[in-house]
Amino acid sequence: MTRHWLLRLRPPEDATTVPALPLAALVTATHVLGVEPVEWAVCTADAIAADIVEQVPAHGGGASSLATLRRSTESAVLATLLLLLPTAVRSVTALTEETHEGCREFARRAIPLEQVLRGVRLGHAHLADALAEAVEEHVRADDRLAEVRRVNELLFAYADTHASQMAETYIVERNRWRGSDEAARRAIVEDLLAGRDVEAEGATRRLRYDLARCHVAAVLHCDDPSATASPAERLHHAAVSLARAVEATGMLIVPAHTAGAWVWLAFPDETGWPGPGELRGRVMLPQGVRVALGPMAPGPAGMRRSHLGALAAERVAALGGGARFCDYREVRLTALATAQAEQADWFVRETLGRLASDGVWEQQLRETLRVYLGEGRSLRSAAQRLLVARNTVTYRVHRAEELLPAPLASTDLLELQMALEIADVLRGRAPDA
């Protein structure tokens, strides 16, 4: 019986998942398995990560945390496929470095060990189901039972070892972290973000950052592992560059995980904070670094307020394709309206009708109508913003109206504008709009 059915694995036809692992980490697996089995592994790992976050929400925490979880699941799925090959020489006891690092991050984020291990069990159960379906599709009926048994035996051994080694890694990192100054500072930050009372003077000394000032929070993420400088170096450089660009009087940076950081910038008062456009022109970000900014807010409570705004801006940026710079002030209404993504999508479809379609022409019509309504229905102002002729705006607005469920005159314009703003994030705009 051939067991090379693994080499015939194919991703779903509509798969668009981008690997979380760097290219170098995929080369060996691609050389052994081939391109399409690796793509199958990436899609399966992405589904596993989403399943874990849904059932164990503590594994979430933003786009950066999800990226770390995806790297861990991708490496584990690829390691499993290589182990299942009949010519495999890989030991069942070998755990990938990405999995170890993901577990160390779970410890630093104080995710309880039982929830970490529950994520492991969920992941292996999901993978077992996916492999069973693959055996059903690619293995002859006479050989399926034996192959399913072989796969289950290896998966059970790997899952058992996986859980044991992750527990060991977690405990070592947790003990190291608890005894560090970094952990003490992180504990203060966690208290602030949870809205718990802290002793401001002592916290200021420990953090070496004045809690009494006005604060702007930033969430930084580094998603280009191919660059020469390490993610930590680029994140620190980005934070320093941001602080200098806005002339902050203080800065606090807390590592969120290996590819992300939380930053707070301090100011004497709430005056002088530049607008998003001016700020975007000032800040020079290192390669592969993205930044999401929260609103300015005063005092210890302001640190929490601004950080939550920065996380919301990061989420909106991720929905829209991952903009390198996102200021909460520009997206706060969209952040509020998309907090429940599925309901936001329903609202867009019900309000825009056929105009909600994903085609480039519909995207262009939506953007024209969005700008037109945003400019108070001024054809001249809309044409200037879009860099097109007034007649072009008129034509597109008429075509957009034809796709709406009801004429503009009988449509709630507030709901329509909100739907267009949400669609701008969820579906994007045409490049030449």
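The structure under discussion appears in the preceding block.
Residues numbered from 1 in each chain as written. Predicted model: local features only at pLDDT ≥ 70, side-chain atom pairs only at ≥ 80, totals over all residues. Heavy atoms only, no water.

So, the overall build of the protein
Reasoning step 1: Tallying secondary structure elements over the protein gives 17 helices and six strands in all.
Reasoning step 2: Overall, the C-alpha framework of the protein stretches about 70 × 60 × 35 Å when taken along its three principal axes.
Reasoning step 3: Burial statistics for the protein: of 433 residues in total, 50% are counted as buried.
Reasoning step 4: In the protein, of all internal contacts separated by at least 6 residues, the share reaching a separation of at least 24 is 73%.
Reasoning step 5: Counting only carbon and sulfur atoms, one obtains 53% of the accessible surface of the protein, whose full area is about 21,000 Å².
Reasoning step 6: Side chains of the protein carry 48 positive and 56 negative charges; the gap between the two charge centres is 3 Å. (Helix = DSSP H or I, 4+ residues; strand = E, 2+ residues; numbered from the N terminus. Buried < 20%, exposed > 50% of the residue type's maximum accessible area, 1.4 Å probe, protein only. Contact = heavy atoms within 4.5 Å. Areas by Shrake-Rupley, 256 points an atom, 1.4 Å probe, with all protein chains shown as cover. Lys, Arg positive; Asp, Glu negative; His and termini not counted. Charge placed at Lys NZ, Arg CZ, Asp CG, Glu CD.)

Regarding unusual backbone geometry
Reasoning step 1: Phi angles above zero are rare outside glycine, and Arg-208 is one such case at about 55°.
Reasoning step 2: Turning to its location among the elements, Arg-208 is positioned in the loop between α8 (200-207) and β1 (214-222).
Reasoning step 3: You can call Arg-208 exposed: its relative accessible area is 57%.
Reasoning step 4: Here Glu-247, not a glycine, exhibits a phi torsion of approximately 55°, which is positive.
Reasoning step 5: By the secondary structure assignment, Glu-247 is in the loop between α9 (231-245) and β2 (250-257).
Reasoning step 6: For Glu-247, a relative accessible area of 65% corresponds to the exposed category.

Description of the packing of aromatic side chains
Reasoning step 1: Per the stated rule, a full pass over the model turns up two aromatic pairs.
Reasoning step 2: With 5.3 Å between their ring centres and 65° between their planes, Phe-267 and Trp-273 make a pair best called edge-to-face.
Reasoning step 3: Take Trp-273: its relative accessible area is 13%, and that puts it in the buried class. (Phe/Tyr/Trp six-rings, centres within 6.5 Å; stacked < 30°, edge-to-face > 60°.)

Here's the deal with α9
Reasoning step 1: Look at α9: 21 Å from first C-alpha to last across 15 residues, which is about the 21 Å you get at 1.5 Å a residue.
Reasoning step 2: Every buried residue belonging to α9 is among Arg-234, Leu-235, Ala-238, Ala-239, Val-240, Ser-241, Leu-242, Ala-243 and Ala-245, and all of these are buried.
Reasoning step 3: Looking at the packing, one finds that the buried side of α9 touches β1, β2, β3 (260-267), α10 (276-282) and β4 (289-293).
Reasoning step 4: Positive phi appears at Glu-247, one or two residues downstream of α9, with a value of about 55°. (Expected span 1.5 Å × (residues − 1).)

Some thoughts on the nonpolar core
Reasoning step 1: Counting residues in each nonpolar core, the largest one holds 48 residues, and the members touching the most others are Trp-5, Leu-6, Leu-33, Trp-40, Leu-78, Leu-81 and Leu-131.
Reasoning step 2: Counting residues per element, the ones that place at least two in this core are α1 (23-33), α2 (35-55), α3 (63-84), α4 (97-108), α5 (113-138) and α6 (141-178).
Reasoning step 3: Considering each element in turn, this core owes the most residues, 10 residues, to α5. (Core = buried A, V, L, I, M, F, W, Y, C linked by side-chain atoms within 4.5 Å.)

Things to note about the packing of helix α14 (residues 360-374) against helix α15 (residues 379-386)
Reasoning step 1: At their nearest, the axes of α14 and α15 sit 8 Å apart, and the two run at 130° to each other. When the axes of α14 and α15 are compared, the pair comes out oblique. The element α14 and its partner α15 pack so that their crossing is right-handed. Every residue of α15 that contacts α14 at Glu-367, Thr-368, Arg-370, Val-371 and Tyr-372 is listed here: Leu-379, Ala-382, Arg-385 and Leu-386.
Reasoning step 2: When its residues are assigned to classes, the contact of α14 with α15 shows five nonpolar, one polar and three charged. (Axes fitted to C-alpha atoms, helices over the stretch in contact; angles between N-to-C directions. Parallel < 35°, antiparallel > 145°, perpendicular 65-115°, else oblique. Left-handed = near helix turned anticlockwise from the far one by under 90°. Nonpolar A, V, L, I, M, F, W, Y, C, P; charged D, E, K, R; others polar.)

Some details on the pairing of β4
Reasoning step 1: Burial runs high along β4: five of the five residues are buried.
Reasoning step 2: Here β4 pairs with strand β6 (residues 325-327) via three bridges, running parallel. Paired with Val-291 across the two strands is Phe-325, which belongs to β6. (Pairing = 2+ DSSP bridges.)

Quick word on the environment of Leu-311
Reasoning step 1: Here Leu-311 is to be found in helix α11 (residues 299-319).
Reasoning step 2: Put simply, Leu-311 and Asp-424 are 113 residues apart on the chain and 19 Å apart in space, counted from C-alpha to C-alpha.

What about the pairing of β2?
Reasoning step 1: Taken together, the seven bridges between β2 and β3 define a ladder with antiparallel strand orientation. Paired with Pro-255 across the strands is Ala-261, a residue of β3.
Reasoning step 2: Counting the residues between successive antiparallel strands, the hairpin from β2 to β3 contains two residues.

Everything listed is a geometric property; what it means functionally is a separate question.
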